[in-house]
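# Residue-level structural notes
Here is what each chain is made of, one letter per residue.
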Amino acid sequence: MRLATVIGRVTLSKRHESLVGERLLLALPWSSKTLQTGKDHDYSIVVYDQLGANVGSTIGVCESTEATRPFTKPTPIDAYCASLIDEIFFQPKDPRAV
């Protein structure tokens, strides 16, 4: 699972029949430097959402095969919003500590 920031919603004019009532979000996955700099996100991805995340929310994203696990039937998605993150506590490692 990776963390990502929601930056928008995706609207489709045509969709696969297994995606009824879904919300698709546009999200920026965090890279290894995002916690330290607040920048340096990876490329944006489309995320299937059933939890109600909004623009600006921090979410936990499952990708690839794990993204299809919540569904009983095969579903054509590659990223799934698995959690809404309320708070993050991060303490950078002191480079002087051994």
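## Observations concerning the nonpolar core
Of all hydrophobic cores here, the largest spans eleven residues; its members are Ala4, Val6, Leu25, Ala27, Ile45, Val47, Ala53, Ile59, Val61, Ala79 and Cys81. Those elements giving two or more residues to this core turn out to be strand S1 (2-10), strand S2 (23-29), strand S3 (45-49), strand S4 (58-63) and strand S5 (79-85). Contacts of Ala4, omitting those with residues within four sequence positions, involve Ala27, Leu28, Pro29, Trp30, Ser57, Thr58, Ile59 and Val61. Core analysis: the next-biggest nonpolar cluster, separate from the first, contains seven residues, Leu24, Ala67, Phe71 and Ile77 among them.

## Re the environment of Leu51
Topologically, Leu51 is positioned in the loop between S3 and S4. Classification of Leu51 by relative accessible area gives partly exposed; the value is 42%. C-alpha separation for the pair Leu51 and Leu84, spaced 33 residues apart in sequence, amounts to 7.5 Å. Excluding anything up to four places from it in sequence, Leu51 contacts Cys81, Ala82, Ser83 and Leu84.

Basis of the calculations
Residues numbered from 1 in each chain as written. Predicted model: local features only at pLDDT ≥ 70, side-chain atom pairs only at ≥ 80, totals over all residues. Heavy atoms only, no water. Core = buried A, V, L, I, M, F, W, Y, C linked by side-chain atoms within 4.5 Å. Buried < 20%, exposed > 50% of the residue type's maximum accessible area, 1.4 Å probe, protein only. Helix = DSSP H or I, 4+ residues; strand = E, 2+ residues; numbered from the N terminus. Contact = heavy atoms within 4.5 Å.

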